Amino acid sequence: MKKFPPGFVWGTATSSYQIEGAWLEGGKGLSIWDAFSHTPGKIKNHDTGDIACDHYHRFKDDVKMMADMGLHAYRFSISWPRIQPTGVGKANPEGIRFYSNLIDTLLEHNITPWITLYHWDLPLVLQFEHDGWLNPAIADYFANYAAICFEAFGDRVKHWITLNEPWCSALLGYSIGHHPPGRISRDDRYRAAHNLLRAHAFAVEKYRSHFQQKQKGIIGITNNCDWRDPLTDSDADRAAAERAVQFFLGWFADPIYKGDYPEVMREQLGKRLPQFTAKEQELITGSSDFFGLNHYSTMYAANAPIVENSAIADGMWQDQKVILSSDPSWEKTLMNWNIVPEGFRRLLQWVDQRYGSPEIYVTENGCSLNDTLENGSVNDPKRIAFFNGYLNAALGAIANNVKLKGYFAWSFMDNFEWTEGYAQRFGLHFVNYKTGERIPKASAKWFARVIQQNGLID
Ligand code: PNW
């Protein structure tokens, strides 16, 4: 039988900047995404998150729709500048009130809140006065902000995620400049990543020493990783694929599960890779109660001893000595991401093996398609096939003893897809951005049925 084990957590996920809107309401400060999206040329069609899905005003209806789907859990993020408008100092009561109401509404509908503390919307003041993630002091600022949240919400919230995808923050923000602060640099990604990891560790330390015993929640981090399959069976390509995954996920998960960056990164990068102090190492080792994993796609990796003249010369692949490619037979999403469910199974098993069988929660997985509203409904068979394929792959991993405990579809509804603006639709619900109306897609009904059948899939 193709059935998920009892107790499996079924949820959907979103993030603050992508859905809330209300960018100047409720005493909120500006974030780096407010500034970036208002900078001409950065976002497709000049889209911004100013209004987005207007979730700030519509959250009660959204929670009702989640309840209609039978969701067990909802993963959302808190906008740091809604809580601390300048990133430091006293909490903004209106910000606290908004999330407090959201949490209460979820609990009234028996939906468990999973909170991400940082999904990329850094208070702008921390960027321009303090140099964002390049400043070591940010780890303390983040821990202080986290403590405000534990204090205000921890009586009702038992599932915490410190950071969403620090790989994206470091690489897209400080290496290729696609995300704010828009830096293009060879080494800043490693420095930003280092402070992201320190910030995570400091926040977890705060939770464990002041809140966890009383509040009895769990805390972890969510990392993202695409899978890398060797292009050929050669030893060199196999080693390249392994190296690529270590540079992707090992970069962030090795420090947490093993106390330091992967050996292969140290070998390739030498002094370019920062060092943890002994005290930091102690804090970071074992700093996640579960393994949060976001996964979207797969590519081939081939060994590339010299890639200085390569077309993919953003530096990251040069550091890895890897060249990526796709199989022409793979189907693609609207983001041009390859649909390869088998890669998901392999990744889950890789995590299981490398990190000693941790409990894994897939906190994002999904696809963007060219959805259209026709006669009041949205038919998205390709998304249903996507979920069906990836969930079957997940079942394959579970059959191999991987401790996968939950799955959050990305996303509850169409939303602001970063530099792509509203040109991408990842949602289970179609959003009409003119009227704000949400319409369940066929995939939402399919997903609801899976939950209703206690995790039985086709
Ligand atoms: C994730 N990549 O971003 C984010 O957590 C979401 O906010 C986002 O909407 C979703 O995935 C879809 O993009 C990613 O380049 C951005 O591998 C880039 C990558 C992966 C995830």
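I will try to describe carefully the structure that is included in this document. Everything numeric here is computed off the predicted structure, so don't read it as measured data.

**Re the overall build of the chain**
Along its length, the chain carries 17 helices and 15 strands. Taking 458 residues into account, the globule formula puts the C-alpha radius of gyration at 23 Å, and the chain, at 21 Å, falls close to it. For the chain, the spread of C-alpha atoms along the three principal axes comes to 55 × 50 × 45 Å. The burial tally for the chain puts 62% of its 458 residues in the buried class. Here the chain has roughly 17300 Å² of accessible surface; of this, 50% comes from carbon and sulfur atoms. Side chains of the chain give 46 positive and 52 negative charges; the mean places of these two sets differ by 2 Å.

**As for the site of the ligand**
Taken together, 16 residues form the shell around the ligand, and within it Q18, H119, E364, E417 and W418 come nearest. Here an oxygen atom of the ligand and a side-chain polar atom of N164 are 3.0 Å apart. Within the side chain of E364, one N or O atom sits 2.9 Å away from an oxygen atom of the ligand. In isolation the ligand exposes 450 Å². Once the protein is present, 91% of that is buried. Per-class residue counts for the shell around the ligand are eight nonpolar, four polar and four charged.

**Quick notes on the pattern of salt bridges**
For the structure on display, the rule yields 30 salt bridges. For D62, the salt bridge is made with R438, and the minimal N-O distance between the two is 2.7 Å. In this pair, D62 sits in helix α3 (residues 55-69) while R438 sits in strand β15 (residues 438-440), placing the two residues 376 residues apart along the sequence. This pair shows no difference in class: D62 is buried, exactly as R438 is. Close ionic contact of R272 with D319 constitutes a salt bridge, the shortest N to O distance being 3.1 Å. With R272 in the loop between α12 (263-269) and α13 (278-284) and D319 in helix α14 (residues 316-320), this pair connects stretches of sequence that are 47 residues apart. Several salt bridges share partner residues, and in doing so they unite D371, D380, R383, D414, R425 and K441 into one network.

**Comments concerning the pairing of strand β1 (residues 9-13)**
Where burial is concerned, most of β1 is hidden: five out of the five residues are buried. Side chains of β1 alternate between two faces, with V9, G11 and A13 and W10 and T12 buried alike. Inspection of the sheet shows β1 paired to strand β13 (residues 404-410) by five bridges, in the parallel sense. Its bridge partner being in β13, G11 is matched across the sheet by F408.

**Structural notes on the sheet that holds strand β8 (residues 298-303)**
An order of β6-β8-β9 is seen for the three strands of this open sheet, with the pairing classed as mixed. Of all the strands in the sheet, the pair left with one neighbour each is β6 (227-230) and β9 (322-325). Within the sheet, the average angular offset between the axes of one strand and its neighbour, ignoring direction, is 40 degrees. Packed onto the sheet, helix α11 (residues 235-258) meets β6, β8 and β9 and runs at close to 125 degrees relative to β8.

**Structural notes on the packing of aromatic side chains**
Summed over all chains, the structure comprises 51 aromatic pairs. Measuring from centroid to centroid gives 6.5 Å for F76 and Y99, while their planes differ by 5 degrees, and the two rings are stacked. Of this pair, F76 sits in strand β2 (residues 73-77) while Y99 sits in helix α5 (residues 93-108), and the two are 23 residues apart along the sequence. Neither F76 nor Y99 differs from the other in exposure class; each is buried. Judged by centre distance (6.5 Å) and plane angle (85 degrees), the rings of F387 and Y407 are edge-to-face.

**Some points on the pairing of β8**
Judged from the four bridges that link them, β6 and β8 form a sheet pairing that is parallel. Looking across to β8, one finds that R228 is bridged to M299. Pairing geometry for β8 and β9, over four bridges, is antiparallel. Counterpart to A301 in the pairing with β9 is L324.

**What about the sheet that holds strand β7 (residues 291-294)?**
The eight strands lie next to each other as β1-β2-β3-β4-β5-β7-β12-β13, forming a closed barrel whose pairing is parallel. Within this sheet the neighbouring strands show an average axis-to-axis angle of 25 degrees, counted without direction. The sheet contacts of α5 involve β2 and β3 (112-118), and relative to β2 the element is tilted by about 170 degrees. Where helix α9 (residues 188-210) meets the sheet, it contacts β4 (159-164) and β5 (218-224), and its direction lies at approximately 160 degrees from that of β4.

**Thoughts on the side chain of S16**
Structurally, the position occupied by S16 is in helix α1 (residues 16-19). What makes S16 buried here is its relative accessible area of 3%. Excluding residues within four positions of it along the chain, S16 makes contact with S77, I78, S79, Y99 and D121.

**Things to note about the nonpolar core**
Within the largest apolar cluster, 142 residues are counted, with the highest numbers of intra-cluster contacts made by W133, F153, W160, W251, L348 and F447. Each residue touching F153, except ones within four places of it in the same chain, is listed here: I78, I83, I96, Y99, S100, I103 and W160. Grouped together as the second largest cluster of nonpolar side chains are twelve residues, A73, I161, M335 and Y361 included.

Reading guide: rules and limits
- Residues numbered from 1 in each chain as written.
- Predicted model: local features only at pLDDT ≥ 70, side-chain atom pairs only at ≥ 80, totals over all residues.
- Heavy atoms only, no water.
- Helix = DSSP H or I, 4+ residues; strand = E, 2+ residues; numbered from the N terminus.
- Rg over C-alpha atoms; globule rule 2.2 N^0.38 Å.
- Buried < 20%, exposed > 50% of the residue type's maximum accessible area, 1.4 Å probe, protein only.
- Areas by Shrake-Rupley, 256 points an atom, 1.4 Å probe, with all protein chains shown as cover.
- Lys, Arg positive; Asp, Glu negative; His and termini not counted.
- Charge placed at Lys NZ, Arg CZ, Asp CG, Glu CD.
- Near = heavy atom within 4 Å.
- Polar contact = N/O pair within 3.5 Å; in protein donor to acceptor, adjacent residues only side chain to side chain.
- Nonpolar A, V, L, I, M, F, W, Y, C, P; charged D, E, K, R; others polar.
- Salt bridge = Lys/Arg side-chain N within 4 Å of Asp/Glu carboxyl O.
- Pairing = 2+ DSSP bridges.
- Axes fitted to C-alpha atoms, helices over the stretch in contact; angles between N-to-C directions.
- Contact = heavy atoms within 4.5 Å.
- Phe/Tyr/Trp six-rings, centres within 6.5 Å; stacked < 30°, edge-to-face > 60°.
- Core = buried A, V, L, I, M, F, W, Y, C linked by side-chain atoms within 4.5 Å.

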